[in-house]
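Remarks on the overall topology
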Amino acid sequence: MTKVVSKQLLPVYDKPLIYYSLTTLMLAGITEMLIITTPQDAHLFKALLGDGAQWGLSFSYAEQARPEGVPQALTIGRDFIGDSNVALILGDNMFFGHGLGAMLERCAQLEEGGLVFGYRVKDPQRYGVVEFAGDGRVRSIMEKPAKPRSNFAVTGLYFFDRQAPEIAAGLKPSARGETEIVDVINTNHRAGTLRVEALATGYAWLDTGTPESLIDAGQFVRAVEQRQGYKIACPERIAFQRGLITVKDLRRLAAPLAKSEYGDYLLRLADGLV
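Quick look at the structure, then. (Residues numbered from 1 in each chain as written. Predicted model: local features only at pLDDT ≥ 70, side-chain atom pairs only at ≥ 80, totals over all residues. Heavy atoms only, no water.)

1. Brief notes about unusual backbone geometry
Trans peptide bonds make up most of the peptide bonds, and negative phi angles are found at most residues other than glycine. Cut-off, in case you're wondering: Each helix is a run of H or I in the DSSP string that is no shorter than four residues. Each strand is a run of E no shorter than two, and both are numbered from the N terminus. In this scheme, a residue with accessible area under 20% of its type's maximum is buried, one over 50% is exposed, and one in between is partly exposed, where area comes from a 1.4 Å probe on protein chains only.
Here the phi dihedral of Lys 144 falls at roughly 45 degrees; this positive angle occurs in a residue that is not glycine. Summarising the element assignment, Lys 144 is placed in the loop between β8 (138-143) and β9 (152-160). With relative accessibility at 37%, the residue Lys 144 sits in the partly exposed group.

2. Things to note about the environment of Asp 271
As for its position among the elements, Asp 271 is in the segment after α11 (261-270). Asp 271 gets classed as partly exposed once you look at its relative accessible area, which sits at 44%. On a C-alpha basis, the gap between Asp 271 and Gln 163 in space is 45 Å, while along the polypeptide they are 108 residues apart.

3. Structural notes on the nonpolar core
For clarity, the cut-off: Take the buried Ala, Val, Leu, Ile, Met, Phe, Trp, Tyr and Cys residues and link them wherever side-chain atoms come within 4.5 Å; each set so joined is a nonpolar core. When checking whether two residues touch, look at their non-hydrogen atoms; a contact exists if any pair is within 4.5 Å.
Counting 56 residues, the largest nonpolar core has Leu 22, Leu 49, Trp 55, Phe 117 and Phe 159 as its most contacted members. Sort the elements by how many residues they give to this core and helix α1 (residues 18-27) lands first, with six residues. Not counting residues up to four positions away in its chain, the partners in contact with Phe 117 are Met 103, Leu 104, Cys 107, Ala 153, Val 154, Thr 155, Leu 157, Phe 159, Glu 197 and Leu 199.

4. With respect to helix α10 (residues 247-254)
Note the threshold: By construction, the arc corresponds to the directions joining the helix axis to the C-beta atoms.
When α10 is considered as a whole, its buried residues turn out to be Leu 250, Leu 253 and Ala 254. On an axial view of α10, the arc spanned by its buried residues comes to 100 degrees, and they lie on one face. Looking at the buried residues of α10, the elements they touch are α9 (235-241) and α11.

5. Things to note about the pairing of strand β6 (residues 114-120)
Counted only if it meets this: Strands were regarded as paired on the criterion that DSSP finds at least two bridges between them.
Across the seven residues that make up β6, a large majority, six, are buried. The pairing of β6 with β9 spans six bridges and is antiparallel. Among the inter-strand pairings, Arg 120 is bridged to a residue of β9, identified as Phe 152. Here five bridges tie β6 to strand β10 (residues 194-198), and the two strands are oriented parallel to one another. Paired with Gly 114 across the bridge in β10 is Leu 194.

6. Considering the packing of aromatic side chains
Here is the rule we go by: Between rings of Phe, Tyr and Trp, where Trp is taken as its six-membered ring, a pair exists when centres lie within 6.5 Å; planes separated by under 30 degrees are stacked, by over 60 edge-to-face, and by other angles tilted.
Following the criterion strictly, the structure yields nine aromatic pairs and no others. Between Tyr 158 and Phe 160 the ring centres are 6.2 Å apart and the planes differ by 10 degrees, which places this aromatic pair in the stacked class. By the ring-pair criterion, three or more aromatic residues cluster together here, those being Tyr 19, Trp 55 and Phe 59.

7. Concerning the packing of α10 against α11
To keep it simple, the criterion reads: Interaxial angles span 0 to 180 degrees and are taken between N-to-C directions of axes, which are lines fitted to C-alpha atoms, for helices over the stretch in contact. Should an angle fall under 35 degrees it is taken as roughly parallel, and over 145 as roughly antiparallel, whereas 65 to 115 is taken as roughly perpendicular and any remaining angle as oblique. Crossings are classed by handedness, with left-handed meaning an anticlockwise turn of the near helix from the far one by less than a right angle and right-handed meaning a clockwise turn. For this classification, the nonpolar set comprises Ala, Val, Leu, Ile, Met, Phe, Trp, Tyr, Cys and Pro, the charged set comprises Asp, Glu, Lys and Arg, and every other residue, Gly included, is treated as polar.
At their nearest, the axes of α10 and α11 sit 9 Å apart, and the two run at 165 degrees to each other. On the basis of the axis angle, α10 is roughly antiparallel to α11. Like other packed secondary-structure pairs, α10 and α11 cross with a definite hand, here left-handed. In this structure, α10 uses Val 247, Leu 250, Arg 251, Leu 253 and Ala 254 to contact α11, whose residues at the interface are Gly 263, Leu 266, Leu 267, Leu 269 and Ala 270. Each residue belonging to the contact of α10 with α11 can be placed in one class, and the counts come to eight nonpolar, one polar and one charged.

8. Focus on the packing of α1 against helix α2 (residues 42-49)
Where α1 contacts α2, the two axes come as close as 13 Å, and the packing angle between them is 60 degrees. Taken together, the axis directions place α1 and α2 in an arrangement best described as oblique. In this structure, α1 meets α2 at a crossing whose hand is right-handed. Every residue of α2 that contacts α1 at Ile 18, Tyr 19 and Leu 22 is listed here: Phe 45, Leu 48 and Leu 49. Looking at side-chain class alone, the contact of α1 with α2 contains six nonpolar, no polar and no charged residues.

9. Here we look at the side chain of Asn 93
Threshold: Any N or O atom pair separated by 3.5 Å or less is treated as a polar contact, with the protein-specific requirement of one donor-capable and one acceptor-capable atom, and with residues adjacent in sequence counted only for side-chain atom pairs.
With respect to the secondary-structure elements, Asn 93 resides in strand β5 (residues 93-96). A distance of 3.0 Å separates a polar atom in the side chain of Asn 93 from a polar atom in the side chain of Asp 92. At a separation of 2.8 Å, a polar atom in the side chain of Asn 93 contacts the main-chain amide nitrogen of Gly 156. Those residues in contact with Asn 93 that sit more than four places away from it in its chain are Tyr 20, Ser 21, Thr 155, Gly 156, Trp 205, Leu 206 and Asp 207.

And the structure:
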């Protein structure tokens, strides 16, 4: 199953945020990724991440010349996706919770249509909003409604079948001048092939698209990591635990970082101490 990472359209100082979306895909068992960036940022991401081989992954890169909507990632990535299904994740989204990997692996086995996640928020008007019927079925999904019909926002992680690039290519821009991912989702909804999974309260979803939410995310990560001694978005840890790299590889990756807290964490991981 081929996957896409998009859109990492962030200021230079925010580039490390991509590790959160990257490791989310790794938890889903995804190893082939297309990273879509702005033309001016492409070289920065290539320098930061390389080809992914250090973590047992394979990265390709593409550019989005103009911000014409999230679905454009699917058309840009059409050749990369080929005949495979696809996962699309936004570069400023963070997911965390016990059992997240097992849940995402199950979702990555999608065979038809689309699958998205709903998460209860206090400001749903900022997002695509899912309205559920009394029996739990999806009644509607609306993009940034002035009067939301529920508090469930659609997160920035989407699973689609191989038809997604074709659907995206046929979309017309909204009043905002961009194509909308909610239109891809609603195409599956109308076809009866959409699944929406409401993330339980035990999971955390953080959209770091505003300065306030970025601060919230930083405080959340700091609290978890300091209390548990656990690195949330650590590609080396996930790669090692999933057998993508060996303990020898892990020590090699830790060597240049040996005098840092992160390097020490990797060495303790190699020694089985975390």
